[in-house]
Amino acid sequence: MNETFFSLPKERQQAILNAGYRVFSQNTYKKTPVGEVAAAAGISKSLLFYYFRNKRELYLFLWENCVRITTEYLRRYDCYQQANLFDMLERGMQAKLRIMYDYPDIGSFAIKAFYEEDPCVAPAVHESYERYKNADARDALDNIDPAQFKEGIDLRMMYREMYLASEGYLWEMLRRTPVNIEEMERDFSEMIAFWKQLYLKGD
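Cut-offs applied
Residues numbered from 1 in each chain as written. Predicted model: local features only at pLDDT ≥ 70, side-chain atom pairs only at ≥ 80, totals over all residues. Heavy atoms only, no water. Helix = DSSP H or I, 4+ residues; strand = E, 2+ residues; numbered from the N terminus. Expected span 1.5 Å × (residues − 1). Buried < 20%, exposed > 50% of the residue type's maximum accessible area, 1.4 Å probe, protein only. Polar contact = N/O pair within 3.5 Å; in protein donor to acceptor, adjacent residues only side chain to side chain. Salt bridge = Lys/Arg side-chain N within 4 Å of Asp/Glu carboxyl O. Axes fitted to C-alpha atoms, helices over the stretch in contact; angles between N-to-C directions. Parallel < 35°, antiparallel > 145°, perpendicular 65-115°, else oblique. Left-handed = near helix turned anticlockwise from the far one by under 90°. Contact = heavy atoms within 4.5 Å. Nonpolar A, V, L, I, M, F, W, Y, C, P; charged D, E, K, R; others polar. Phe/Tyr/Trp six-rings, centres within 6.5 Å; stacked < 30°, edge-to-face > 60°.

Draft legend 1. Spotlight on helix α4 (residues 55-76). For α4, spanning 22 residues, the distance from its first C-alpha to its last is 31 Å, which sits close to the expected 32 Å at 1.5 Å a residue. In terms of burial, α4 is a largely internal element, 16 of the 22 residues being buried. Where α4 begins, the capping side chain belongs to Asn54, and its oxygen is found 3.2 Å from the backbone nitrogen of Arg56. One or two steps after α4, the chain reaches Asp78, where phi turns positive at roughly 55 degrees.

Draft legend 2. A look at the pattern of salt bridges. With the rule as written, the count across this model stands at seven salt bridges. We note a salt bridge from Arg53 to Glu57, for which the minimum N-O separation is 2.7 Å. Classification of Glu57 by relative accessible area gives buried; the value is 13%. The salt bridge involving Arg131 is made with Glu127; its shortest N-O contact spans 2.4 Å. With a gap of four residues between them, Arg131 and Glu127 both fall in helix α7 (residues 122-142), about one helical turn apart. Taking the relative accessible area as the measure of exposure, Glu127 reaches 42% and is therefore partly exposed. Beyond isolated ion pairs, a larger network of salt bridges with shared partners links Arg68, Glu72 and Arg76.

Draft legend 3. Structural view of the packing of helix α1 (residues 10-24) against helix α2 (residues 34-41). Viewed as axis vectors pointing N to C, α1 and α2 meet at an angle of 135 degrees, and their least axial separation amounts to 8 Å. Between α1 and α2, the angle is such that the two are oblique. As α1 runs across α2, the sense of the crossing is right-handed. For the pair α1 and α2, contact is made by Arg12, Ala15, Ile16, Ala19, Gly20, Arg22, Val23 and Phe24 and by Glu36, Val37, Ala40 and Ala41, respectively. Split into classes, the residues belonging to the contact of α1 with α2 amount to eight nonpolar, one polar and three charged.

Draft legend 4. Inspection of the environment of Ala19 at higher detail. Along the chain, the position of Ala19 falls in helix α1. Residue class for Ala19 comes out buried when judged on its relative accessible area of 0%. Residues Ala19 and Glu57 lie 38 residues apart in sequence; the distance between their C-alpha atoms is 15 Å. When residues no more than four places from it in sequence are discounted, the contact partners of Ala19 are Val37, Ala40 and Ala41.

Draft legend 5. Spatial organisation of the packing of aromatic side chains. Applying the stated criterion across every chain, the model contains 17 aromatic pairs. For the ring pair Tyr169 and Phe188, a centre distance of 5.1 Å and an interplane angle of 75 degrees mean the geometry is edge-to-face. Within this pair, whereas Tyr169 is found in helix α8 (residues 155-174), its partner Phe188 is found in helix α9 (residues 181-199), the two being separated by 19 residues in sequence. Residues Tyr169 and Phe188 agree in their burial class; the two are buried. Pairwise contacts between aromatic rings join Phe5, Phe6, Tyr50, Tyr51, Phe52 and Phe61 into one cluster.

Rendered as structure tokens:
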């Protein structure tokens, strides 16, 4: 990758990234022409290839940037510093909704990339995802006080259930066009309220 990309104004970088997320989220890796990404970003194909040597480098940069942005926003919202699991979930929800405001197509791209089967990029995406997922789970559970939950609750199984339910809901919502972020916020709030009733000890 050409380091001059990082010397561009942040707004220009974000425009190129958003164009990549939007175009790659609409088709498979193989069937997505890089020229469409360049056109969506308002630059020439040759300039895009000046910043990124080839299509694979651009795609994997978009994926790794997606992981970096998610981690950055979760930390900015102090998601992993919470001893109360549901405070963590609510802050995580706010962080991810903020990401969608700033990068409207990043969620659709992330899901598309996760299910991408092209051997040119799939192994690198899955290896990166496993690293991120395992670190995410460790951080999420290390600070949680188990005394707040009902007796006999398996915290890791509970967290996995919440994680899979959230990912499934997110996948369903991101398949819609356009994405309704306000609706997502309401639904996530209802899910968190339900989990509180299900798992927390009574007063």
